Amino acid sequence: MAIKMKEIIIIKSNDVLNCLSDPTFTENWEKLYISCPWATVYQSYSYAQVWYKSYLATHEPVLFVWLTNDKKIRGLLALARDKSNGNVGCVGMHHGEYQVWLAYPEDKETFITKTLMLFHKEFPGRKLQFMYIPPSTPLDWTAEKFFKKYCYVKDFRRPVIDLRDTATVRQFLNKKRNRARLNQIKRMGDLQVRSISDPESFKNRLPEIITLFDFRRMAAFGFTSFGSDRLKAPYHEALASVPDASILRALEMTVDNHLVAIVMTLVGKGQAHRFNGGIFSPLFSKQSPMGLVTYMLAEQLSQDGYHILDISPGGGDDSYKWSLANAEDTAHVLVVYPSSLQYHVSATARKIRLIPGKVLRKSGVNTGKLFACIAYIKARVFCPFFWVSLPWIFVCWIYDQIYFSDEIRVFYIPNSNTSKFKFKNKVSCNSLDDLLAFVPQKPWQSKQSFVAAAANALGKGNHVYTIVENGRLVAWVWLSSRKNQFVGYGKAAYDLKENSSLLYDLNVIVNANRENLILSLLQAALNDISFNKGVKRVYFIDNKYYVNMEILESLGLKNKGTFFYRRCFGWTSSRSEIDNFL
């Protein structure tokens, strides 16, 4: 029997919210979602209503709905319009990993082709991007004579864990290397691995998740996601609170109730899609906890009847993603341009952008490192203080090339002589929130490079003591028990004796209360060292007489030698009085 169809209708703003509150409309939406072979959880009513309500302040909801005469939904495309610039995208925008339309199999091409024509009438001059489109989505229509002038399609390999292959899942967890990593984490404290199943538990854990996620983002890309998006935290809370349809599933690993790693997925239709990437503490990066937690969650999902854990497409040949995957398929990006001219201009621009990379790769150049270097330079060039300070930077550089000297004092105290100190300022140990509160003081300084260096040091087992005042990092010092520490401008390496600890890189960026800040940092570090019976001696490295001698003597530290480094007109000389003490 033929189904009588109405025209595709467009629903906007408050009318969308009214539809989301209508039980009949939502029931039809869910039926369509379940019947659509290529749909993911990002096209479900449960996800759409959470995102629309969370981002209502910044995005206007838009629905393209194809109805029958008896008000049954045959096709649906959920969109959103950015109120700040007018751009239109799929529901979820950049938060939604998969962006696609819903339709019954028999309408797989009819609905989307009609909708796109209507879209360009409603939003003239606007392109529409679907990123990413799930593997089984029908895209043959994009190659037809009419649409191929407007549609750009690109394929992306998608690493997945096939949960039906239970042997591979168990084999990963039983590998000797992974068992050793898990045992290392167990030795650090009370290890717990548990699912976060209720909204209250997720809400309590969210602040720590935000800190770890933003710290990693700042180190890698120079920005914070939650810090720059005030709606993102409520959005995550709402995802964990979806009534009658739990779409958020998370597994966390903790040590002494501190988060080591967490894997969050959105689940639906037998698939689990990891989102927000890998969230783990840099303190445990040596143990690679993300792989362990991912496969522990994969084992649980397999037992619950899920067949795919999607590790997320894109990222090129990301070795970490592919090390976890045991299968792959292909996702797509579809961009629909408003005119044939814009399509051809964009295609030409893409080809031009690819030329330098192809030439450099043929020449053996590591393009990844090169483009990262270019991005670093661009960040400096567009810094508002860069050009003002450029003459001074140039003068200092010339002076350093002509004459440079460095002088480092090394102090020593046996751990048996350390005692508990009381200090005035609040000192934190390994606080990522404190490190994120760093504010560059010089035009050539970068918050990203500071946080990236801190993440690297923490990953190597070092510890940092910090003091924050008025929401700003004002003082810090690093503690290390690693051997082969590099000291000074001359990169002189000294092997610490066994059972030794080293305090280094002391910085105080305010003049007020300076001595108290230094004293508090060193006291806090020495207090922690005193608990470690394995540490027999402590060294402190002071660059260019940074610390008043009276402060160090009050802590029981004694000057054991000095390291000198000097360069003049290309000639270098160095002298060390401390070889016998390290």
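Shown above is the structure to which this text applies.
Here is a short report on the structure shown in this document. (Residues numbered from 1 in each chain as written. Predicted model: local features only at pLDDT ≥ 70, side-chain atom pairs only at ≥ 80, totals over all residues. Heavy atoms only, no water.)

Description of the overall build of the protein chain
Let me state the cut-off plainly: Here a helix means four or more residues in a row that DSSP labels H or I, a strand means two or more in a row labelled E, and each is numbered from the N terminus. The buried label applies to any residue whose accessible area, calculated with a 1.4 Å probe on protein chains only, is under 20% of its type's maximum; exposed applies above 50%, and partly exposed to all values in between. Note on definitions: a residue-residue contact is assigned when non-hydrogen atoms from the two residues lie within 4.5 Å. Accessible surface area values rest on a Shrake-Rupley calculation with a 1.4 Å probe, where residue burial reflects the displayed protein chains alone.
Counting its regular elements, the protein chain contains 18 helices and 24 strands. Per-residue burial for the protein chain yields a buried fraction of 49% across its 582 residues. Long-range contacts, defined as pairs at least 24 residues apart, comprise 74% of the intrachain contacts of the protein chain with a sequence gap of at least 6. If you sum the accessible surface of the protein chain, you get close to 29300 Å²; carbon and sulfur atoms cover 54% of it.

A closer look at the pattern of salt bridges
For clarity, the cut-off: Counted as salt bridges are all cases of a side-chain nitrogen of Lys or Arg within 4 Å of a carboxyl oxygen of Asp or Glu.
Under the counting rule described, the total for this entry stands at 14 salt bridges. As a salt-bridge pair, arginine 164 and aspartate 162 come within 3.1 Å of each other at their nearest N and O atoms. By sharing partners, the salt bridges in this structure join Arg194, Arg205, Glu208 and Glu252 into a single network.

As for the nonpolar core
For soluble globular proteins, the rule of thumb is that nonpolar side chains tend to be buried together. Rules: For this analysis, a nonpolar core means a set of buried residues of the types Ala, Val, Leu, Ile, Met, Phe, Trp, Tyr and Cys, connected via side-chain atoms within 4.5 Å.
Counting 113 residues, the largest nonpolar core has Trp29, Tyr52, Leu63, Leu76, Trp101 and Phe130 as its most contacted members. The biggest single contributor to this core is helix α7 (residues 199-221), with nine residues. Leaving out residues up to four positions away in the same chain, leucine 63 has contacts with Ile9, Ile10, Ile11, Val16, Phe25, Trp29, Tyr52, Leu76, Leu77 and Ala78. The next biggest cluster of nonpolar side chains, apart from the first, holds 30 residues, and it includes Phe172, Val255, Val263 and Tyr295.

Some remarks on the pairing of strand β11 (residues 271-274)
Just so we agree on the cut-off: Two strands pair under a simple rule: DSSP has to find at least two bridges between them.
Looking at chain direction, strand β10 (residues 258-268) and β11 are connected through four bridges and run antiparallel. Looking at β11, one finds that glycine 268 is bridged to glutamine 271. Taken together, β10 and the strand that follows it, β11, pair antiparallel across an intervening segment of two residues, in which lysine 269 is found at a positive phi of about 55°. In the sheet, β11 pairs with strand β13 (residues 308-310) via three bridges, with the strands oriented parallel.

Some remarks on unusual backbone geometry
Put simply, methionine 131 and tyrosine 132 share a cis peptide bond, and its omega is 0°. Within the secondary structure, tyrosine 132 sits in strand β6 (residues 128-133). A positive phi angle is found at methionine 93, which is not glycine, with a value near 45°. Tracing the chain through its elements places methionine 93 in the loop between β4 (88-90) and β5 (102-103). Overall, the relative accessible area of 16% leaves methionine 93 in the buried class.

Quick notes on the packing of helix α5 (residues 166-174) against helix α6 (residues 176-186)
The test is simple: Helix axes are fitted only over the stretch in contact, all axes being lines through C-alpha atoms; the angle between N-to-C directions runs from 0 to 180 degrees. For classification purposes, an angle smaller than 35 degrees is called roughly parallel, one larger than 145 roughly antiparallel, one from 65 to 115 roughly perpendicular, and anything else oblique. For this classification, Asp, Glu, Lys and Arg are treated as charged, while Ala, Val, Leu, Ile, Met, Phe, Trp, Tyr, Cys and Pro are nonpolar and the rest, including Gly, are polar.
Axis separation between α5 and α6 bottoms out at 5 Å; the angle between their running directions is 55°. It follows from the interaxial angle that α5 and α6 lie oblique. On the side of α5, the interface is formed by Phe172, Leu173 and Asn174, while α6 contributes Lys176, Asn178 and Arg179. When its residues are assigned to classes, the contact of α5 with α6 shows two nonpolar, two polar and two charged.

Thoughts on the packing of aromatic side chains
Put simply, the test is: Any Phe, Tyr or Trp ring, taking Trp's six-membered ring, that has another such ring centre within 6.5 Å forms a pair; planes under 30 degrees apart are called stacked, those over 60 apart edge-to-face, and the others tilted. By definition, being over a ring means that NZ of Lys or CZ of Arg is both within 6 Å of the ring centre and within 35 degrees of the ring normal.
For the structure shown, the criterion picks out 25 aromatic pairs. Relative to phenylalanine 147, the ring of tryptophan 141 lies with its centre 5.3 Å away and its plane at 85°, an arrangement referred to as edge-to-face. Judged by relative accessible area, tryptophan 141 falls into the buried class, the value being 0%. Owing to a relative accessible area of 8%, phenylalanine 147 belongs among the buried residues under this scheme. Ring centres 6.0 Å apart and planes at 70° place the aromatic pair tyrosine 337 and tyrosine 343 in the edge-to-face group. Neither residue differs from the other here; tyrosine 337 and tyrosine 343 are each classed as buried. Sitting above the plane of the tryptophan 322 ring, arginine 157 keeps its charged end 4.0 Å from the centroid. Above the face of the tyrosine 33 ring, lysine 269 is positioned so that its terminal group lies 5.4 Å from the ring centre.

Structural notes on α6
Put simply, the rule is: To obtain the arc, one takes the directions from the helix axis to the C-beta atoms.
Three or more residues of α6 are buried, namely Asn178, Arg181, Leu182 and Ile185. Angular distribution of buried residues about the axis of α6 spans 95°; they occupy a single face of the element. Buried residues along α6 sit in contact with α5, β8 (191-196), β9 (248-255) and α10 (289-303).

Some details on the packing of α7 against helix α16 (residues 447-459)
Our working definition: Crossing chirality is assigned from the near helix's rotation relative to the far helix, an anticlockwise turn below a right angle marking it left-handed and a clockwise turn marking it right-handed.
Two elements in contact, α7 and α16, have axes whose closest approach is 7 Å; the angle formed by their N-to-C orientations is 115°. With respect to the hand of their crossing, α7 and α16 are arranged in left-handed fashion. Taking contact as the criterion, the partners of Phe215, Met218, Ala219, Ala220 and Phe221 in α7 are, on α16, Lys447, Gln448, Val451, Ala452, Ala454, Ala455 and Leu458. Along the lines of polarity and charge, the residues of the contact of α7 with α16 split into 10 nonpolar, one polar and one charged.

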